[in-house]
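This is what each chain is made of:
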Amino acid sequence: MGSGALRERPVTLYATRAADFLVAEALDGTVEGCVGLRAHPADPGEGRGPAGVVYNFCVSGPSQGSGVGARLLRAVLARARAQSLGALFTATTGGGGLFLRYGFAPTTVRLAPSRWVESLDPRRDARILARTL
């Protein structure tokens with residue numbers, strides 16, 4: 001959050017949504033990264049099934065490039081399949097290279113869960129990526 005790469009959120013959000021998160025830890029207990037997956041029910045009248053949103057995906061500086069991010073993303077994909085989600089969405093202000101390597105592609109907000117779209121901060125000018133499962 002300090003670098004601006006992640007959107008600042010209140011601590012209470014993390015407390016109430018702790019079950020959304022997967023956390024990668026080193027053998028010494030140091031947190032190497034985390035990622036949240038929030039399931040959204042189908043939007044009424046849209047003709048699409050439930051979808052997931054990947055959020056607060058981060059890897060600590062010292063762990064970047066070590067495969068932690070790829071392991072977290074594979075785990076999120078597996079969790080989303082287990083929840084029978086039809087698609088995953090994310091918003092990124094970065095290049096999104098890892099997401100693109102794992103089958104995500106640029107999309108429009110029209111295809112994303114409406115409640116999530118309403119929560120996006122337009123000042124961040126984030127790019128929306130999606131992947132079907």
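Residues numbered from 1 in each chain as written. Predicted model: local features only at pLDDT ≥ 70, side-chain atom pairs only at ≥ 80, totals over all residues. Heavy atoms only, no water.

Moving on, we come to the confidence of the model for the protein chain. Segments scoring low in pLDDT should not have their predicted coordinates read at a detailed level. Of the residues in the protein chain, 91% have a pLDDT of 70 or more, and the chain-wide mean is 89. In the model of the protein chain, helix α1 (residues 11-16) stands out as the element of lowest mean pLDDT, 79, in contrast to strand β5 (residues 105-106), which has the highest, 98. A low-confidence stretch, residues 1-5 stays under pLDDT 50, and its non-local contacts, those more than four residues away or across chains, total 8 contacts. (pLDDT = per-residue confidence, 0-100. Helix = DSSP H or I, 4+ residues; strand = E, 2+ residues; numbered from the N terminus. Contact = heavy atoms within 4.5 Å.)

The full count for this structure, using the stated rule, is 4 aromatic pairs. Summarising the aromatic geometry, the rings of F57 and F99 are spaced 5.6 Å apart at their centres and angled 75° between planes, so their arrangement reads as edge-to-face. Of the two residues, F57 is situated in strand β3 (residues 51-59) and F99 in helix α3 (residues 97-101); the sequence distance between them amounts to 42 residues. Given the relative accessible area of 8%, F99 is considered buried. For the ring pair F89 and W116, a centre distance of 6.5 Å and an interplane angle of 45° mean the geometry is tilted. Here F89 is found in strand β4 (residues 87-92), whereas its partner W116 is found in helix α4 (residues 114-119), with 27 residues between them in sequence. (Phe/Tyr/Trp six-rings, centres within 6.5 Å; stacked < 30°, edge-to-face > 60°. Buried < 20%, exposed > 50% of the residue type's maximum accessible area, 1.4 Å probe, protein only.)

Strand order in the open sheet made by the 6 strands is β1-β2-β3-β4-β6-β5, with mixed pairing throughout. With one partner strand each, in any of the chains shown, β1 (21-25) and β5 form the two edges of the open sheet. Here 5 bridges tie β1 to strand β2 (residues 31-40), and the two strands are oriented antiparallel to one another. By the bridge assignment, V23 is partnered in β2 with C34. Along the sheet, helix α2 (residues 68-82) contacts β1, β2, β3, β4 and β6 (127-132); its crossing angle with β2, the most-contacted strand, is approximately 25°. (Pairing = 2+ DSSP bridges. Axes fitted to C-alpha atoms, helices over the stretch in contact; angles between N-to-C directions.)

Turning next to α2. For α2, built from 15 residues, the straight-helix expectation of 21 Å at 1.5 Å per residue is met to within 8% by its first-to-last C-alpha distance of 21 Å. Among the residues making up α2, those that are buried are V68, G69, A70, L72, L73, V76, L77 and A80. In the core, the buried residues of α2 are packed alongside β1, β2, β3, β4, α3 and β6. Just downstream of α2, S84 is the residue with a positive phi angle, here 60°. (Expected span 1.5 Å × (residues − 1).)

For N56, which is not glycine, the phi torsion reads 50° and is therefore positive. Along the polypeptide, N56 turns up in strand β3. N56 gets classed as buried once you look at its relative accessible area, which sits at 7%.

Glancing now at the side chain of H40. Residue placement: H40 occurs in strand β2. H40 gets classed as buried once you look at its relative accessible area, which sits at 13%.

This part is about the environment of R124. As for its position among the elements, R124 is in the loop between α4 and β6. The class for R124 is partly exposed, based on a relative accessible area of 26%. Along the sequence, R124 and T92 sit 32 residues apart, while their C-alpha atoms lie 9.0 Å from each other.

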